[in-house]
Amino acid sequence: MDYIVKNPESFRRLPYLCHRVYYQWRALQEKKAAEEKLRQHESLLNSILQSTRDGYILIDAEGKFLEVNRAYAEMLGYAPNDLLGKSIVDVEALQSPTQIALTLENIRRKGSALFQTLHRHRLGNTVDVEVSVTYLPEQGGKMVTFVRDISERIAMQNALYQAKDHLQRQLAEMTILRNIDLAITSLHESDSLINALLEQLFLLNGIQATCLLLYEEKEAAWNLRASMPQTVNCTLDKLREWLQVDLDEPVEQNQPLFLSPVPPSPPALPPGVGTCRGVALLPLCVHGKFIGILMIFSSLADLFDEEWQDFSRALAMQTAIALENVHLYELLSYQHQELLEAYQATLEAWSRTLEIRDKETQGHTQRVVEISLKMASAFGLNGKQLEIFRRGAMLHDIGKIRIPDTILLKPTSLTQDEWEIMRQHPLYARDMLQGIRILEEALEIPLYHHERWDGSGYPYGIRGEAIPLKARIFAVADVWDALTSNRPYRPAWTKEAARSYIESQAGQQFDPCVVEIFLRLLNAGEIS
């Protein structure tokens, strides 16, 4: 102040100097306040970084650790100070040093990165981590890195994947069993059923081939019944020699036999079998009766685990039931066919008996059956309906068995009273066939074939479409053969005369539509 006072010029500048000093002091105070605030922010940020549950690393441009928080150090089993000075190469377990350098270069180029990797724990195990890196070029190329332990997430994902695989496997197995059920109900022929079963098994994951072995009791030998793919045609002797197993063992113990891994296969075996890594032999048994062995060849050595073995027991049971059912069905079908043939033979015997009795009509039944079947086919009858038609045609005059010989074999015209008795033979046929189910359904022709389109027929006098179609068809064939055959009371008509008569009776005695079909077949030469 002495200097300022003594210097008049300084005295004049005193207000300006004081003002300047004040602002310098104020700037200094603001700077100190800003530095304190920045220190507080840095302290807060450091506290946040140290207390966060995620790992935090500050690394330099070479990948060395400059800062490490407690969470990351504990994640890898270290104290924070133990990691300072180490490099990312020391903890990275998934990438090689060259790959790490490429990753750092990629981060510098893009500015940031987010990826999953493995970091090495102090004890040697690895930790699944998710890494988020931000490049700071203005800070000398440092990189701020946050690391999150995702081991639990990965474990949960793996558990979900395993659960999904387990559910898919169970679904596939349930689908197989369901398809076998459908095959049991829909397929009644052994070859078709067996092929369908093996195809279903072949669809399972890891299955290379399947074979069905049946034991032939009469021959006391095993038989390779079928395989999938069909190129698997190796002999049983080769299988025994390769697997070194007695096929009777699973049968005697009634337990599945699982071979995994299997011995090296000889070169003679087909690839679908010889390259497998596991074989299952499932005995097929139902109601205490042994049927055969189902062999399954797997491309996976660990396929036949405990769960698969449980499934194989259900599979073996369903397969055995399917084979037993188709066997019973084929046996029943065979017996049913024998019964039908016996019925057919009986009908033919009845027909021949009637023709032997009435010698003048010999061959009539066979001829009229053939003609009327052609006509019935032209009307669209097929399958079972044609078979029923055949039986009815063969039995059309069965009621005449009850007609006395004096009337049936009379060489001259019948009296009115005799005609009344003769007209009873359709009703006699009804009485004879009713109650016999397989013959009762063929009753339409014996009962109605003498009815006429205009209602003047017998025994009921019904008309038009009230007369069953089978009877309307047969009536035309019956009259045609009767007119063109010799009878005791008249000679055979010519075909032209018989044709003219039938054509003239369309709409009176016969159904016009049936006459039209008959004439068409006659003109085509299908009826002689």
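Residues numbered from 1 in each chain as written. Predicted model: local features only at pLDDT ≥ 70, side-chain atom pairs only at ≥ 80, totals over all residues. Heavy atoms only, no water.

Help me understand a nonpolar patch on the surface in this model?
A cluster of nonpolar side chains, contributed by Tyr 22, Tyr 23 and Trp 25, occupies part of the molecular surface with about 350 Å² of accessible area. Note that Tyr 22 resides in helix α2 (residues 8-51). (Patch = residues over 30% accessible without salt bridge, like charges linked within 9 Å, V, L, I, M, F, W, Y side chains within 5 Å. Areas by Shrake-Rupley, 256 points an atom, 1.4 Å probe, with all protein chains shown as cover. Salt bridge = Lys/Arg side-chain N within 4 Å of Asp/Glu carboxyl O. Helix = DSSP H or I, 4+ residues; strand = E, 2+ residues; numbered from the N terminus.)

Would you mind going over the packing of helix α13 (residues 364-378) against helix α20 (residues 469-483) with me for this structure?
How two helices sit against one another is set out by the angle between their axes and by the gap between those axes. Look at α13 against α20: their axes get within 9 Å of each other, and the N-to-C directions meet at 140 degrees. Taken together, the axes of α13 and α20 are oblique relative to one another. As α13 packs across α20, the resulting crossing turns out to be right-handed. Contacts between α13 and α20 involve His 364, Arg 367, Val 368, Ile 371, Ser 372, Met 375 and Ala 376 on the former and, on the latter, Ile 473, Phe 474, Val 476, Ala 477, Asp 478, Trp 480 and Asp 481. Class assignment for the residues of the contact of α13 with α20 results in nine nonpolar, two polar and three charged. (Axes fitted to C-alpha atoms, helices over the stretch in contact; angles between N-to-C directions. Parallel < 35°, antiparallel > 145°, perpendicular 65-115°, else oblique. Left-handed = near helix turned anticlockwise from the far one by under 90°. Contact = heavy atoms within 4.5 Å. Nonpolar A, V, L, I, M, F, W, Y, C, P; charged D, E, K, R; others polar.)

Can you walk me through the packing of aromatic side chains in this structure?
By convention here, two paired aromatic rings are described through the distance between centres and the angle between planes. Tallied over the full model, the rule gives eight aromatic pairs. Residue placement shows Arg 402 over the ring face of Tyr 428; its charged tip is 4.2 Å from the ring centre. (Phe/Tyr/Trp six-rings, centres within 6.5 Å; stacked < 30°, edge-to-face > 60°. Lys NZ or Arg CZ within 6 Å of the ring centre and 35° of its normal.)

Before we go on, may I ask you to explain the sheet that holds strand β1 (residues 55-59) in this structure?
Think of a sheet as strands paired side by side through backbone hydrogen bonds, with each pair either parallel or antiparallel. If you walk across this open sheet you meet the five strands as β2-β1-β5-β4-β3, and the pairing is antiparallel. Of all strands in the sheet, those bounded by a partner on one side alone are β2 (65-68) and β3 (112-120). Across this sheet, the average inter-strand angle for adjacent strands is 25 degrees, counted without regard to direction. Taken together, the nine bridges between β3 and strand β4 (residues 126-136) define a ladder with antiparallel strand orientation. The partner of Gln 116 across the bridge, within β4, is Glu 130. (Pairing = 2+ DSSP bridges.)

Quick question: what am I supposed to make of the sheet that holds strand β6 (residues 207-216) here?
The strand order across the open sheet formed by five strands is β7-β6-β10-β9-β8, and the pairing between neighbours is antiparallel. Since the sheet does not close on itself, it has two edges, and those belong to β7 (221-228) and β8 (257-259), each with one partner. Strand-to-strand, the axes of this sheet are offset by a mean angle of 20 degrees, without reference to chain direction. Inspection of the sheet shows strand β9 (residues 278-286) paired to strand β10 (residues 289-298) by nine bridges, in the antiparallel sense. By the bridge assignment, Ala 280 is partnered in β10 with Ile 296.

Can you help me understand the pattern of salt bridges in this one?
Two side chains that carry opposite charge are able to pair once their charged atoms sit near each other. Tallied over the entire structure, the rule returns 16 salt bridges. Among the salt bridges present, the one from Arg 153 reaches Glu 130, with a minimum N-O distance of 3.5 Å. A residue pair is termed long-range when its members are at least 10 positions apart, and Arg 153 in helix α7 (residues 151-186) and Glu 130 in strand β4 qualify at 23 residues. Note on Arg 153: relative accessible area 32%, which makes it partly exposed. Look at the salt bridges and you will find they share partners, linking Glu 387, Arg 390, Arg 391 and Glu 441 into a network. (Buried < 20%, exposed > 50% of the residue type's maximum accessible area, 1.4 Å probe, protein only.)

Can you help me understand the packing of α20 against helix α22 (residues 512-523) in this one?
Taken N-terminus to C-terminus, the directions of α20 and α22 make an angle of 50 degrees; their axes are 9 Å apart at the nearest point. On the basis of their axis angle, the class for α20 and α22 is oblique. The element α20 and its partner α22 pack so that their crossing is right-handed. Of α22, the residues touching α20 (which contributes Arg 472, Ile 473, Val 476 and Trp 480) are Val 514, Val 515, Phe 518 and Leu 522. Class assignment for the residues of the contact of α20 with α22 results in seven nonpolar, no polar and one charged.

Help me out: how do you make sense of unusual backbone geometry in this one?
With an omega dihedral of 10 degrees, the bond running from Tyr 458 to Pro 459 counts as a cis peptide bond. Structurally, Pro 459 is set in the loop between α19 (444-448) and α20.

I would appreciate a short explanation of α22 in the present structure.
In a regular helix each residue adds 1.5 Å, so twelve residues correspond to 16 Å; α22 covers 16 Å between its end C-alpha atoms and thus fits that length. Every buried residue belonging to α22 is among Val 514, Val 515, Ile 517, Phe 518, Leu 519, Leu 521 and Leu 522, and all of these are buried. Buried residues along α22 sit in contact with α13, α20 and α21 (495-504). Of the residues that open α22, the one with a side-chain oxygen 3.0 Å from the backbone nitrogen of Cys 513 is Asp 511. Downstream of α22 by a residue or two, Gly 525 has a phi angle that is positive, lying close to 80 degrees. (Expected span 1.5 Å × (residues − 1). Polar contact = N/O pair within 3.5 Å; in protein donor to acceptor, adjacent residues only side chain to side chain.)

Please clarify how a negative patch on the surface should be interpreted in this entry.
Taken together, the side chains of Asp 246, Asp 248, Glu 249 and Glu 252 define an acidic patch exposed on the protein surface. Tracing the sequence through the fold places Glu 252 in helix α10 (residues 248-253). (Lys, Arg positive; Asp, Glu negative; His and termini not counted. Charge placed at Lys NZ, Arg CZ, Asp CG, Glu CD.)

Sorry if this is basic, but what is going on with the environment of Asn 125 here?
With respect to the helices, strands and loops of the structure, Asn 125 is situated in the loop between β3 and β4. Sequence separation between Asn 125 and Ala 93 is 32 residues; the distance between their C-alpha atoms is 9.4 Å. Beyond its immediate sequence surroundings of up to four residues, Asn 125 is in contact with His 119 and Arg 120.

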